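Structure assessment
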Amino acid sequence: MSLYKQFWPIGALLGVLSLTIYAGFAVAADDPALDHENDPIESLDERHAAEIPVQWRQEDLSATADPQRWVRFKILGINDFHGQLGAGRRVGNRPVGSAPILAAYLRAGMAQAENAAILVHAGDHVGATPPNSALLQDEPAMQFLNLLANNKCGYTHRRNSKCNLVGTLGNHEFDEGKDEMLRLIFGGQHAKGPFLEGPYRGAKFPYISANVVEAASGAPILPPYVIKKVRGQRVAFIGAVLKETPSIVTPAGVAGLQFLDEAEAINRSVAKLKQRGVHAIVVLIHQGTRQTAYAGPTQDGLPPLLGSIGEIVSRLDDDVDIVVSGHAHAFTNTLMANRNGKKILVTQAFSGGSAYADIDVALDPETHDIVEKSAAIITTWADDPNVVPATDVAQLVAAADARVAPLVNRVIGTAAHAITGAENAAGESALGNLIADAQRAALNTDFAFMNPGGIRAELDVGVVLWGALFAVQPFSNDLVSMTLTGTQIKTLLEQQWQGQPFPRLLKVSGLGYTWNTAAPVGNHIVEVHRTDGTVLDMNATYSATVNSFIAGGGDNFSVLTQGSQRVVGPVDLDALVNYIGGLTQPFSAAIEGRIVRQN
């Protein structure tokens, strides 16, 4: 059993140790233009450029339009927070983020708003989180948002039209299945709770999702949209998550659910809203891209957005005004025309609370539509002397830190140097090699294969604590050994390109291979060999270790479902902890040429 699964309860140890903060996790992105293994590394110049606003005003205004009567308000958007309660992230060697800092910025934005400010998030608020959220079932991340709720929000009236918060689902909300996701939203005691709140009451604000339905009945699992009111004017928010969620979540997490085409589901909600006379419409979608590089201020006229999000936006109804996106952990701030030429403002504010989208909106009470919109992506600099961390949020974080400190601060080993997930041109990384070696050793198999999207943080030089390793592998996937033929192993390696939105280059142990970047899909692999140089026999059988996520076909590695003689082993985190603890200290890992790229 995983050590962290044995962690409950630890109330008697509260406050014994301080928590060391870990950051740098990332999620898999769903776009060929993205580096999905790690958050994009931004420069100070890029962050400053992101703060230059994109602006739009309707050109064909009525002769009677009166800007003095327009209703002005703000939308403050975050995405991919991933429970980043504590400090630790840096941009250009400047500290950014933490929940208390983010709260200070958001509250300042709310205070500056004329009439109202509505805070929204575009999914992955929980999941792949640091220990001070994850070990407490991500309840602290939800409680953080509750502290930002106004007095119109509440557990018994989550859909009050003047509540200032609304969120949607990301793929990581499904990490522990539908029931746990709904518990986090609507409340209820976890079997291992109570944690910081007893009983846990859930979110004080609505969650929405238009494209996730029960497979059997077609009924949505959450309301598809919610309508807010600003000075009597109605503004609708529609939620959606990438339809490919089942391919990047453990199958058990989405059992019994169907993920519909995003644009079609959104447009169905738009049609219903228009029947009710609502024309000011904002979409919150967990799908995104990294915006094409630009020189100078962000501006209208940039090339269309790449990948899935661009295709979705192009098909949206003309009544959609703004899209707050996520999933890519990157910057987006542009005006993209749909297929009818309607300019839709699309934003994405990096990730982990390191920034937010500051969106200014004007609504004409005569047409009930948005006639002016602008957005800037504001970095939450933690070293700004004018920003005072929010005291109530800091107290919440301190309580979470204290609750998990006894386990998190256990020393496992000492790293001789930083061990990163940065890949070389072939797709190999030092941290990937370390993890794959740990998994092969845990089950004593010929080979091991580790999916890159499951590597969520990196290791700094020096003392390595349990919490740092948890941040690297936070999902508690079981390891599974199986028997594969040489042909199946080659198929597995070919599936790194087949049916993928981008190459998912597995980290390997016990073997090496060469691939040709110019070869067609299905023929990328040039040769596969054991570490002694022996070429893999396509007709022979070999033992291999993988985690339970890809063993079930996750990330589209479907050939692994055919593996025979399957044996479930330890949790991946425990395997890594035990392996590092058994190495000569200080330990190291490096890129060794296990993967070779031609061309």
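Description of the structure in this document.

The subject of this paragraph is the packing of aromatic side chains. Counting across every chain of the model gives 8 aromatic pairs. Taken together, a centroid distance of 5.3 Å and an interplanar angle of 25° make the contact between Phe 81 and Phe 144 stacked. Within this pair, whereas Phe 81 is found in the loop between strand 2 (71-78) and strand 3 (90-91), its partner Phe 144 is found in helix 4 (residues 139-147), the two being separated by 63 residues in sequence. Judged on exposure class, the residue Phe 81 and its partner Phe 144 are both buried. Over the ring of Phe 350 we find Arg 47, and its NZ or CZ is 3.7 Å from the ring centre. One cation-aromatic arrangement involves Lys 373 over Trp 56; the distance from NZ or CZ to the ring centre is 4.4 Å.

With respect to topology, 7 strands assemble into an open sheet ordered 1-17-16-2-5-6-7, the strand pairing being mixed. Edge positions in the sheet fall to strand 1 (54-57) and strand 7 (207-208), since each of these pairs with one other strand and no more. Here strand 2 pairs with strand 5 (residues 117-121) via 5 bridges, running parallel. The partner of Gly 77 across the bridge, within strand 5, is Val 120.

Another point: the state of the cysteines. All chains considered together, the criterion is met by 1 disulfide. Each sulfur of the disulfide joining Cys 153 and Cys 163 lies 2.0 Å from the other. One quick way to see it: the torsion about the S-S bond of Cys 153 and Cys 163 is about 95°, and its sign makes the bridge right-handed. A residue pair is termed long-range when its members are at least 10 positions apart, and Cys 153 in the loop between helix 4 and strand 6 (165-168) and Cys 163 in the loop between helix 4 and strand 6 qualify at 10 residues. For the pair Cys 153 and Cys 163, a shared accessibility class is recorded, and that class is buried.

Here helix 4 crosses helix 9 (residues 391-408) at 165°, and the two axes come no closer than 10 Å. Of the possible angle classes, the one that applies to helix 4 and helix 9 is roughly antiparallel. Considering the relative orientation of helix 4 and helix 9, their crossing is right-handed. Contact residues: Pro 140, Gln 143, Phe 144 and Leu 147 in helix 4; Asp 392, Val 393, Leu 396 and Ala 400 in helix 9.

Before going further, it helps to spend a moment on unusual backbone geometry. Following Gly 193, the chain continues into Pro 194 via a peptide bond in cis, with omega recorded as 0°. You can see Pro 194 is positioned in the loop between helix 5 (178-186) and strand 7. One non-glycine residue, Asp 80, lies in the positive phi region at around 55°. Inspection of the secondary structure puts Asp 80 in the loop between strand 2 and strand 3. Even without being glycine, Ala 128 reaches a positive phi, approximately 50°. Its location among the elements puts Ala 128 in the loop between strand 5 and helix 3 (131-134). According to the relative accessible area criterion, Ala 128 is buried, its value standing at 6%.

Analysis parameters
- Throughout this document, residue positions are counted from 1 along each chain, in the order its sequence is written.
- Where local features are concerned, this predicted model is filtered to residues with pLDDT of at least 70; where side-chain atom pairs are given and counted, the filter is 80 or more; whole-chain, interface and lining totals use all residues.
- To get the side-chain values, take all heavy atoms of the structure and skip hydrogens and water.
- In this scheme Phe, Tyr and Trp rings, the latter by its six-membered ring, pair at centre separations within 6.5 Å, and the angle between planes marks the pair as stacked below 30 degrees, edge-to-face above 60, and tilted otherwise.
- Only DSSP runs of H or I covering at least 4 residues are called helices, and only runs of E covering at least 2 are called strands; the numbering of each starts at the N terminus.
- The cut-offs for exposure are 20% and 50% of the maximum accessible area for each residue type, with area from a 1.4 Å probe on protein chains only; residues under the lower value are buried, those over the upper are exposed, and the others partly exposed.
- Put simply, a charge is over a ring when the Lys NZ or the Arg CZ is close to the ring centre, within 6 Å, and near the line of the ring normal, within 35 degrees.
- Pairing between strands is defined by DSSP: at least two bridges between them are needed.
- Any pair of cysteine sulfurs within 2.5 Å is marked as a disulfide.
- Under this scheme, a helix contributes an axis fitted over its contacting stretch, all axes are lines through C-alpha atoms, and angles between N-to-C directions fall in the 0 to 180 degree range.
- Oblique is the label for every angle not falling under 35 degrees (roughly parallel), over 145 degrees (roughly antiparallel), or within 65 to 115 degrees (roughly perpendicular).
- Left-handed is the label given to a crossing in which the near helix is rotated counterclockwise from the far helix by less than a right angle, and right-handed is the label when the rotation is clockwise.
- Residues count as neighbours in contact if any of their non-hydrogen atoms are within 4.5 Å of one another.

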